[in-house]
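Architecture at a glance
Chain by chain, the residues:
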Amino acid sequence: MSIQFAPLILGLSMLMAITACESVNAPSIKTECSLSIEEHPTSEGLRLSIQTNDDHQCSLSESQYRRVLTDWWTERRPRPHSIDSIYLGRATKLPWLSEYMFKTSSSHLTSESDKTPWTGATGKANTFVEAILLHKEFRNRLGAPFHAMGYEIQSIEVEKVLLRSANGGLNGQQAQESVPYDALIGLGLKPRQ
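These lines cover the structure that appears in this document, whether it is placed above or below. (Residues numbered from 1 in each chain as written. Predicted model: local features only at pLDDT ≥ 70, side-chain atom pairs only at ≥ 80, totals over all residues. Heavy atoms only, no water.)

1. Things to note about the overall build of the protein
- Looking only at helices and strands, the protein features four helices and six strands.
- Along the protein, from the amino end to the carboxyl end, the secondary structure elements read β-β-β-α-β-α-α-α-β-β.
- When each of the 193 residues of the protein is scored for burial, the buried share is 42%.
- Long-range contacts, defined here as pairs at least 24 residues apart, represent 68% of the contacts in the protein between residues at least 6 apart. (Helix = DSSP H or I, 4+ residues; strand = E, 2+ residues; numbered from the N terminus. Buried < 20%, exposed > 50% of the residue type's maximum accessible area, 1.4 Å probe, protein only. Contact = heavy atoms within 4.5 Å.)

Written as structure tokens, this is what we have:
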């Protein structure tokens, strides 16, 4: 199943304000973030959009992610006939998701192997990240807000995986293997059975 994200940018939007996000550049500065769940008028896909009007970066905690989607569904009238996907955007806008990718990928590094599951052929990093996000425990975390809607995650689509050093060259050490920490993420949904 291929999830089509490009047309989701268009459509109706329901704006909700997130209380406050911390700026990535200056943690002590608070800024208002704008969240929208965008619906395309001719498809069954959604798009989660996290934005601000200034130069600060906004992010969404796991509890905010759950609350916003649950509130959107509760307040949505009329309800969509069905939903088949939601585009979440960059993993770094959902730091708990990015952290899971990074930590799980880092745990795959071994001193016995100089090959990692995400290096080599084009698309291998995408496939690796899809696999770790589909692990039952994490898939349940991602899918939690959809359970009340009567949906569950059927698939995860990952594109444009970004890598960074596993140890960041800390304490004068030379940077080691690079691991996935960010990607474009979309969820394929299906009715719960």
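2. A few points about the pairing of strand E4 (residues 85–90)
- Here E4 lies mainly inside the structure; five of its six residues are buried.
- Judged from the three bridges that link them, strand E3 (residues 45–51) and E4 form a sheet pairing that is parallel. Bridged to Gly45 within E4 is Ser85.
- Two elements, E4 and strand E6 (residues 178–191), share five bridges in a ladder whose sense is antiparallel. The residue bridging Ile86 from the neighbouring strand is Leu187, located in E6. (Pairing = 2+ DSSP bridges.)

3. Side note on the packing of aromatic side chains
- Under the definition given, this model contains five aromatic pairs.
- Pairing Trp72 with Trp73 gives two aromatic rings, centres 6.0 Å apart and planes at 50 degrees, and the pair type is tilted.
- Joined through ring pairs, the aromatic side chains of Tyr65, Trp96, Tyr100 and Phe138 make up one cluster.
- Taking NZ or CZ as reference, Arg164 lies 4.1 Å from the ring centre of Phe102, over its face. (Phe/Tyr/Trp six-rings, centres within 6.5 Å; stacked < 30°, edge-to-face > 60°. Lys NZ or Arg CZ within 6 Å of the ring centre and 35° of its normal.)

4. A closer look at unusual backbone geometry
- Of note in the backbone geometry, Lys160 takes a positive phi value of approximately 50 degrees without being a glycine.
- Note on placement: Lys160 falls in strand E5 (residues 151–165).
- A relative accessible area of 57% means that Lys160 is categorised as exposed.

5. Describing the nonpolar core
- With 40 residues, the main nonpolar core has Tyr65, Leu88, Leu97, Leu133, Leu142, Ile185 and Leu187 as its most contacted residues.
- Sequence-distant contacts of Tyr65, defined by excluding residues within four places in its chain, comprise Leu48, Leu60, Leu88, Leu94, Trp96, Arg141, Leu142, Pro145, Phe146 and Leu187. (Core = buried A, V, L, I, M, F, W, Y, C linked by side-chain atoms within 4.5 Å.)

6. Things to note about the pairing of E6
- Most of E6 is tucked away: 11 of the 14 residues are buried.
- Taken together, the 12 bridges between E5 and E6 define a ladder with antiparallel strand orientation. Across the sheet, Glu152 pairs through a bridge with Lys190, a residue of E6.

Everything listed here is a matter of coordinates, which is why it stays silent on function.
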